[in-house]
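Structural overview for review
Chain by chain, the residues run as shown.
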Amino acid sequence: MGQLSIILIVGFLCLFTYEPPEDIGEINTTQTVFWNLIFTIGPILLAYFVTSVIPRILQSNKTFTESIFSHIRHFRFIFEVLCLGTYLCALYQLDLPVYIHYWLSFFPFVELRQSLGILPLIVSLIGVRLVFHNSNRSSEVRYSELLSFQLKFLLLPLVPLLIYLTTLDIIVRLPEEIQLFLVKHPYLIIGLLLPVLAGAYIFAPLLMRFMWKTVPLSNDILKEKLEKLTIKSKMKYRGISVWKTGSLLIANAAVAGTLKWNRRIFLTDTLLNYFTDDQIETIVAHELGHIRYKHIPTYILFSCLYLLSYPIFIILVENPILQLLPLNILEKYPFLSTIGSLLFFVLYFIFGFRYVSRRFEHQADLYAVSLTNKPDAFIAALERLALFNSIPISVRRIFELFNTHPSIYRRVEFIYRYLKGDTKTNRYQNYLIETKLLVILLPIFCAAALILLFVF
């Protein structure tokens, strides 16, 4: 789960845990629209000022500009968090959901109607990404393609949530007896997310091909090499698709789909145009490593474990703490009731999920090197990926904690350790302890969640 997905989901959690004040007062459309615009475009203007205006002012001092702002441009995440902060101000200070329901009362689906309240955050995030892309890239980019890409990239993690909200809107229209039964058994509502999450992973190839322009791989020589590679790896997949990125020059590869009959490997056209066949072969081998060690099913288990542990956290931790707070404090600061849930979500997916993800990347890297026996080509491919995608080669370890991938420097260092026979790297050639723990903990947490929900 990328940092953008986490920011969006945190915004969604706040939006749907928002409780309107008892006395909202008179609806002031002009004032609300004005301040929403300020909160939405504020981070965009600040990002533009930092990345474009200040460097122009300091052109006379090139050493200072290059040393400072070359690093600031990599901290897009700070501005994306700022987008979330200003959005929460609009949510709690302007009571945005109240106005959404007021203006769109004609729309019959309540949950989907409320989800439209996430639009200011989406606009703010897209604006910040456009500003940073413009400051980081020297090549000519068609902004229509850039805007389309960023919008689709933002919508991709929202599709499962929108499907879930649609399901809730359908439940409201079911007979009253069924609704009462679901209210008495809330774990069934949580359980609805499980097939939605699984479906998102299973049908990801179809969704990616629907949202982005893809074509079959037409390079027969490269195709034959990759087919021999997959036969050697004994990994099954349906096909290899080329993802057209146009003027964006995005160099990337991905494997999508958990089942053999719909699993696909995606390569961007930039890889085919600017990387050698050996480099592409090692990149595909890396993706095959994700299949070999069942990383995608493990991510599904990780998400399911969150859904099971969340009600346990609410019952045993959050609710007892909230009961200790005075009622007038909760009424005055309604966001306090969501802080615990947000912290649990952030800690789980940033420090837990991303730790596992970084170890999985090392595991796939070693698989690519051992399968192809082309370490030099793979190291060169990693360095070119960093160049095309404007990724810093080296990142301070404190910042690496927030990334799903280790830095290029650390990945290359890990490969060299493996080539030199470092015994500590040998455990990455088997299923990692994290995967085994998930398999063990899942039924335990499932049983604990069910017991607690029945008792409380």
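For the structure, see preceding data.
Our subject in this report is the structure included herewith.

Conventions adopted
- Residues numbered from 1 in each chain as written.
- Predicted model: local features only at pLDDT ≥ 70, side-chain atom pairs only at ≥ 80, totals over all residues.
- Heavy atoms only, no water.
- Helix = DSSP H or I, 4+ residues; strand = E, 2+ residues; numbered from the N terminus.
- Buried < 20%, exposed > 50% of the residue type's maximum accessible area, 1.4 Å probe, protein only.
- Contact = heavy atoms within 4.5 Å.
- Areas by Shrake-Rupley, 256 points an atom, 1.4 Å probe, with all protein chains shown as cover.
- Salt bridge = Lys/Arg side-chain N within 4 Å of Asp/Glu carboxyl O.
- Core = buried A, V, L, I, M, F, W, Y, C linked by side-chain atoms within 4.5 Å.
- Pairing = 2+ DSSP bridges.
- Axes fitted to C-alpha atoms, helices over the stretch in contact; angles between N-to-C directions.
- Phe/Tyr/Trp six-rings, centres within 6.5 Å; stacked < 30°, edge-to-face > 60°.
- Left-handed = near helix turned anticlockwise from the far one by under 90°.
- Nonpolar A, V, L, I, M, F, W, Y, C, P; charged D, E, K, R; others polar.
- Polar contact = N/O pair within 3.5 Å; in protein donor to acceptor, adjacent residues only side chain to side chain.

Looking only at helices and strands, one finds 23 helices and 4 strands in the chain. The 456 residues of the chain split such that 47% are buried. Relative to all contacts within the chain whose residues are 6 or more apart in sequence, the contacts with residues 24 or more apart total 79%. Roughly 23800 Å² of accessible area belongs to the chain as shown, and the carbon and sulfur atoms make up 66% of that amount.

Opposite charge on two side chains permits them to pair, given that their charged atoms come into close proximity. Scanning the model with the defined rule gives 7 salt bridges in all. In this structure, the salt-bridge partner of D277 is K225, at a minimum N-O distance of 3.7 Å. Linking D277 in helix 16 (residues 277–292) with K225 in helix 14 (residues 220–233), this pair joins segments that are 52 residues apart in sequence. When its relative accessible area of 24% is taken as the criterion, D277 is described as partly exposed.

A few words on the environment of F402. Following the sequence through the fold, F402 ends up in the loop between helix 21 (397–400) and helix 22 (408–419). Residue F402 is classed as partly exposed on the basis of its relative accessible area of 27%. For F402 and R354, which are 48 residues apart along the polypeptide, the C-alpha to C-alpha distance reads 7.0 Å. Beyond its immediate sequence surroundings of up to four residues, F402 is in contact with I350, F351, R354 and R358.

Counting residues in each nonpolar core, the largest one holds 109 residues, and the members touching the most others are L267 and L288. Tallying contributions element by element places helix 19 (residues 336–372) first for this core, with 14 residues.

Spatially, 1-2-4-3 is the arrangement adopted by the 4 strands of the open sheet, whose pairing is mixed. Looking at which strands have only one partner, the edges of the open sheet turn out to be strand 1 (214–216) and strand 3 (253–256). Neighbour-to-neighbour, the strand axes of this sheet turn through a mean angle of 30°, independent of strand direction. By the bridge criterion, 5 bridges tie strand 2 (residues 239–243) to strand 4 (residues 264–268) in an arrangement that is parallel. Along strand 4, the bridge assignment pairs V242 with L267. On the sheet, helix 16 packs against strand 3 and strand 4 and is oriented at approximately 30° with respect to strand 3.

What follows concerns the packing of aromatic side chains. When we look at a pair of aromatic rings, we describe it by the centre distance and by the angle of the planes. All chains considered together, the criterion is met by 25 aromatic pairs. Ring geometry for Y99 and W103: centres 5.5 Å apart, planes at 45°, overall tilted. With Y99 and W103 both in helix 5 (residues 96–103), this residue pair falls 4 residues apart, about one helical turn. In this structure Y99 comes out as buried when scored by relative accessible area, which is 7%.

Where helix 14 contacts helix 16, the axes come no closer than 10 Å and their chain directions differ by 35°. Crossing geometry of helix 14 relative to helix 16 is assigned as right-handed. Within the contact between the two elements, helix 14 uses I221, L222, K225, L226, L229, T230 and S233 and helix 16 uses D277, I280, E281, V284, A285 and L288. Taken together, the residues that form the contact of helix 14 with helix 16 break down as 8 nonpolar, 2 polar and 3 charged.

With respect to the secondary-structure elements, H295 resides in helix 17 (residues 295–324). Overall, the relative accessible area of 1% leaves H295 in the buried class. At 2.8 Å, the side chain of H295 forms a polar contact with the side chain of H290. H295 has contacts with G289, H290, F360 and Q363, leaving out every residue within four places of it along the chain.

Glancing now at the pairing of strand 2. Among the 5 residues of strand 2, 5 are classified as buried, and the element is accordingly described as predominantly covered. Residues G239, S241 and W243 of strand 2 are buried on one face, and the alternating residues I240 and V242, pointing to the opposite face, are buried as well. Inspection of the sheet shows strand 1 paired to strand 2 by 3 bridges, in the antiparallel sense. Within strand 2, the position partnered with T214 by the bridge is W243.

Further remarks concern unusual backbone geometry. One non-glycine residue with positive phi stands out, namely K294, at about 55°. Mapped onto the secondary structure, K294 falls in the loop between helix 16 and helix 17. Residue K294 is classed as partly exposed on the basis of its relative accessible area of 45%. Here N373, not a glycine, exhibits a phi torsion of approximately 55°, which is positive. Secondary-structure assignment places N373 in the loop between helix 19 and helix 20 (375–388).

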